Amino acid sequence: MIFQLHAEYDMDDDEYAAHRVSQAFEMSQFIKLTSSPDNCDLVIIIQNNGQLLDSWITKKSTKSPGNGNTCDLPSNPFTGKKALKFDPEGKRIDYILYRCNKGTSVTVEECNVTMGTIPDRKYPYTDHEGVAAIFNVEKTESSNGTEAIRANTIEGNVNTCLTAIEKGLKKASSDCTFYTILAVMSVFLLYIISSLEVPYGLGLVRGFVLVILTLTFGYAFWSRLILNKMEENGLINSQKDMENYLLLLQTEMKTS
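Computed from a predicted model, the values in this text were never measured in an experiment. (Residues numbered from 1 in each chain as written. Predicted model: local features only at pLDDT ≥ 70, side-chain atom pairs only at ≥ 80, totals over all residues. Heavy atoms only, no water.)

1. Some details on the overall build of the protein
As a reminder of what qualifies: Each helix corresponds to a stretch of at least 4 residues labelled H or I by DSSP, and each strand to a stretch of at least 2 residues labelled E; elements are numbered beginning at the N terminus. For every residue, the accessible area obtained with a 1.4 Å probe (protein chains only) is divided by the maximum for its type, and the residue is called buried under 20%, exposed over 50%, and partly exposed between those limits. Computed by Shrake-Rupley with a 1.4 Å probe, the accessible areas treat only the displayed protein chains as cover when residues are assessed.
Looking only at helices and strands, the protein has five helices and five strands in total. Along the protein, helices (α) and strands (β) appear in the sequence α-β-β-α-α-β-β-β-α-α when read from the amino end. Counting all 256 residues of the protein, 33% fall into the buried class. For the protein, the accessible area works out to roughly 16,100 Å², and carbon and sulfur atoms hold 59% of it.

Put into structure tokens, the structure is as follows:
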């Protein structure tokens, strides 16, 4: 299975942090619920909740220099100066994470940062590199599978995720207020301008302004009632899932 999370477009003001946290948590829950004792899941994800290992960390060997960074590399001509200011050596945003269950043994023979420049060209394929790994998967009765991550470690991760979700909900609420005000102002200006008598020759200008205001109202109305509501509901559902999971973890720690 291959998953891609929402991209980070602004390191200073990451407005999609809550969305990525929500996506990562839901994917990790999916991985846990769909893993059977007899198979091995190779997945890309970020959360420890999925009980996954990082192929770059567990690899036996690599042909790639550096620490596995894949994005905003100084050698990539698509990397902006702003990105290099924050991360002079680039950053690692592409992962191959995996887990194995009881009866299965997995070793990472090799893990490399791939792609680089296009053959016979001086520029790369994209603004960040890919990751490739060679796995050795064996059936063995002596294997107990991937060692489970302690509940208290996961609890800390979930609490951090909840903080990000709360920030996302506050922003969604702020956006809701903005779109509401924008819609009301658009309707108000539409009424005022359409009621005015304009001199001959300015009718075309007024018509253009009315069209712009109508489009603005439509955009605000759609964003407020549809997009903003979908975003808010998604974050609230993820928040409830995390809170329920947190209670489960706390119960496990008390009984262990």
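2. Let's talk about helix α5 (residues 203-255)
For an α-helix, 3.6 residues make a turn, and residues three or four places apart therefore share a direction. Using the following cut-off: One less than the residue count of a helix, multiplied by 1.5 Å, gives the span that helix is expected to have. Bend angle per residue: angle between axes fitted to the 7 residues ending at that residue and the 7 residues starting there.
Over its 53 residues, α5 extends 76 Å from the first C-alpha to the last, a length consistent with the 78 Å expected when each residue adds 1.5 Å. When the local axis directions of α5 are compared, the greatest deviation, roughly 40°, occurs at S223.

3. Details of the packing of aromatic side chains
The relation between two aromatic rings is expressed through the spacing of the ring centres and the mutual angle of the planes. This is how the line gets drawn: In this analysis, rings of Phe, Tyr and Trp, with Trp reduced to its six-membered ring, are considered paired at centre separations within 6.5 Å, and the interplanar angle assigns stacked below 30 degrees, edge-to-face beyond 60, and tilted for intermediate values. Note on criteria: charge over ring means Lys NZ or Arg CZ within 6 Å of the ring centre, with the direction from the centre no more than 35 degrees off the ring normal.
Evaluated as defined, the whole model comprises four aromatic pairs. On the basis of an interplanar angle of 85° and a centroid distance of 5.8 Å, the ring pair of Y179 and Y219 is categorised as edge-to-face. In this pair, Y179 is assigned in helix α4 (residues 151-195) and Y219 in helix α5, connecting sequence segments 40 residues apart. Judged by relative accessible area, which is 15%, Y179 ranks as buried. For Y219, a relative accessible area of 47% translates into the label partly exposed. Ring pairing ties together the aromatic residues F178, Y179 and Y219, which thus form one cluster. One Lys or Arg, K59, reaches over the ring of W56 and ends 4.0 Å from the middle of that ring.

4. Comments concerning the UniProt feature "transmembrane region" (unreviewed entry) in the protein
The line we're drawing: UniProt positions are given in the numbering used here, feature names are shortened, and annotations may be inferred rather than shown by experiment.
The UniProt record annotates "transmembrane region" (unreviewed entry) at residues 176-194 and 200-222. Note that residues 176-194 is 100% helix and 0% strand, and that its end C-alpha atoms are spaced 27 Å apart. As annotated, residues 200-222 has a helix share of 87% and a strand share of 0%, and its two end C-alpha atoms lie 35 Å apart.

5. Considerations on the environment of L189
Summarising the element assignment, L189 is placed in helix α4. Each C-alpha atom of the pair L189 and T214 lies 9.8 Å from the other, and the pair is 25 residues apart in sequence.

6. What to know about the pairing of strand β3 (residues 97-100)
Selection rule: At least two bridges found by DSSP between two strands is the condition for calling them paired.
Residues L97 and R99 of β3 are buried on one face, and the alternating residues Y98 and C100, pointing to the opposite face, are buried as well. Here strand β2 (residues 53-54) runs beside β3; their pairing, made up of two bridges, is antiparallel. Bridged to D54 within β3 is L97.

7. As for the side chain of Q239
Formally: Between two residues, a contact is recorded if the distance between any of their heavy atoms is within 4.5 Å.
Mapped onto the secondary structure, Q239 falls in helix α5. For Q239, the contacting residues outside a window of four places in its chain are L162, I165, E166 and L169.

8. Digging into unusual backbone geometry
Unlike most non-glycine residues, D72 shows phi in positive territory, near 55°. With respect to the helices and strands, D72 occurs in the loop between α2 (55-58) and α3 (81-86). Positive phi values are uncommon outside glycine, yet D120 reaches one of about 65°. Among the structural elements, D120 can be located in the loop between β4 (104-114) and β5 (130-139). The exposed category is assigned to D120, whose relative accessible area is 75%.

9. Examining the pattern of salt bridges
Spelled out, the test is: Criterion for a salt bridge: a side-chain nitrogen of Lys or Arg within 4 Å of a carboxyl oxygen of Asp or Glu.
Tallied over the entire structure, the rule returns six salt bridges. The salt bridge involving E232 is made with K229; its shortest N-O contact spans 3.9 Å. Highlighted residues: E232 and K229, both in helix α5, separated by three residues, approximately one helical turn.

10. Description of the nonpolar core
Here is the rule: Buried Ala, Val, Leu, Ile, Met, Phe, Trp, Tyr and Cys residues that are joined via side-chain atoms within 4.5 Å together make up what is termed a nonpolar core.
Listed in full, the 11 residues of the largest apolar core are I154, V158, C161, L162, I165, L169, L235, M242, Y245, L246 and L249. Taken together, the elements giving at least two residues each to this core come down to α4 and α5. At six residues, the largest contribution of residues to this core is made by α4. Within the second largest apolar cluster, six residues are counted, among which are W56, C100, V106 and C111.

11. A closer look at the environment of L182
Mapping L182 onto the fold places it in helix α4. Linking L182 and Y219, residues 37 residues apart in sequence, is a C-alpha distance of 9.3 Å. Among residues more than four places away in sequence, those in contact with L182 are T216, Y219 and A220.

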